[in-house]
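A structural walkthrough
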Amino acid sequence: MPYEHILRSQDDGIATVTMNRPERRNALSEPHMEELIDAFRAIGKQRETSVVVLAGNGPAFCAGHDLRELTGRDVVFYRRIFDLCTELMETIQSIPQPVIARVHGIATAAGCQLAASCDLVVASEDSRFATPGVKIGLFCTTPMVALTRSVGRKRALEMLLTGEPVDARTAAEWGLVNRVVPAVRLDDETSSLARQVAGASPLTVAIGKQAFYAQIDLDQPKAYAYAVEVMAATSQLPDAQEGMRAFLEKRKPNWDSSGRGRS
């Protein structure tokens, strides 16, 4: 589909999806979310893509839902918008490729949820993360789901109950961000992390990502039982055998490009 609110590019196995509503600080309107879902689903089917970077044009990563869209509507509309937002977050985590959020400026409300839903986050030193819905009478209950799974109960509740932003360094200490870098280094550091991930077997990474989200909310015995079955099954795959042989032979592995885990 042609896109109005996002841009897509591809470079050597790394796809970049850029939110392109700078005048609205990339607020997540209904059409914007529909385009993001479509883009991620399309990328998920691409054999040539190993990693995805999600970025935002303009002064901010994402300012959350577009409040102009949320006033004076009925419950059917609100349910559809929040269901669509949930679909976006789940799509990011369900595609085979890891998704890296490249965050600058603000990531607030559903924008904070968006960053928390990505597999990895690289943030500039000037970035801020917040769930400020409580300040406008609309508690950030859907962002709460992703936030709590990233930073834990007490820290999530502090953000949710006060609505106050946390800086990038604090977000990293709390587990919401992987790396914090100077703004001038944001692109380079994000690309470096993406290339590191892209160097692994795409099939192995795809299976690993799926397994991570499948086991994360299981109790420990069930998580181990699931993980044992996945690891035993994948140990027989060509890339696993090649990787072990390459390690023992002290050479670079040659991944099976025909089995990249794409549908």
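These remarks concern the structure in this document. (Residues numbered from 1 in each chain as written. Predicted model: local features only at pLDDT ≥ 70, side-chain atom pairs only at ≥ 80, totals over all residues. Heavy atoms only, no water.)

The calculated volume of the largest pocket comes to roughly 740 Å³. Along its surface, the largest pocket is lined by 27 residues, and Q93, A116, S117, R149 and Y213 are the ones closest to its centre. When residues of the lining of the largest pocket are traced back to their parent elements, those giving at least two are α2 (75-94), α3 (110-117), β6 (120-124), α4 (141-151) and α8 (202-215). Looking at which element gives the most residues to the lining of the largest pocket, the answer is α4, with five residues. Taken together, the residues of the lining of the largest pocket sort by class into 14 nonpolar, eight polar and five charged. (1 Å grid on protein atoms, 1.4 Å probe; cavity = no way out; pocket = protein on both sides within 12 Å on 5 of 7 lines; lining within 4 Å. Points joined across faces, edges and corners; volume = space filled by probe spheres on them. Helix = DSSP H or I, 4+ residues; strand = E, 2+ residues; numbered from the N terminus. Nonpolar A, V, L, I, M, F, W, Y, C, P; charged D, E, K, R; others polar.)

According to the stated counting rule, one finds two aromatic pairs in the structure shown. Ring plane angle 70° and centroid distance 6.1 Å describe the contact between F77 and Y78, whose orientation is recorded as edge-to-face. A relative accessible area of 5% places F77 in the buried class. On the accessibility criterion, Y78 (24% relative accessible area) is partly exposed. With 5.1 Å between their ring centres and 85° between their planes, F212 and Y213 make a pair best called edge-to-face. Take F212: its relative accessible area is 43%, and that puts it in the partly exposed class. Over the ring of F77 we find R73, and its NZ or CZ is 4.1 Å from the ring centre. (Phe/Tyr/Trp six-rings, centres within 6.5 Å; stacked < 30°, edge-to-face > 60°. Buried < 20%, exposed > 50% of the residue type's maximum accessible area, 1.4 Å probe, protein only. Lys NZ or Arg CZ within 6 Å of the ring centre and 35° of its normal.)

Let us look at the sheet that holds strand β5 (residues 106-108). Across the sheet, which stays open at both edges, the three strands sit in the order β5-β7-β8 with mixed pairing between neighbours. The strands lining the two open edges of the sheet, one partner per strand, are β5 and β8 (166-167). With three bridges joining them, β5 and strand β7 (residues 128-130) adopt parallel strand pairing. In the sheet register, A107 faces β7, and the bridge partner there is F129. Across the sheet, α3 touches β5 and β7, and the angle it forms with β5 is around 100°. (Pairing = 2+ DSSP bridges. Contact = heavy atoms within 4.5 Å. Axes fitted to C-alpha atoms, helices over the stretch in contact; angles between N-to-C directions.)

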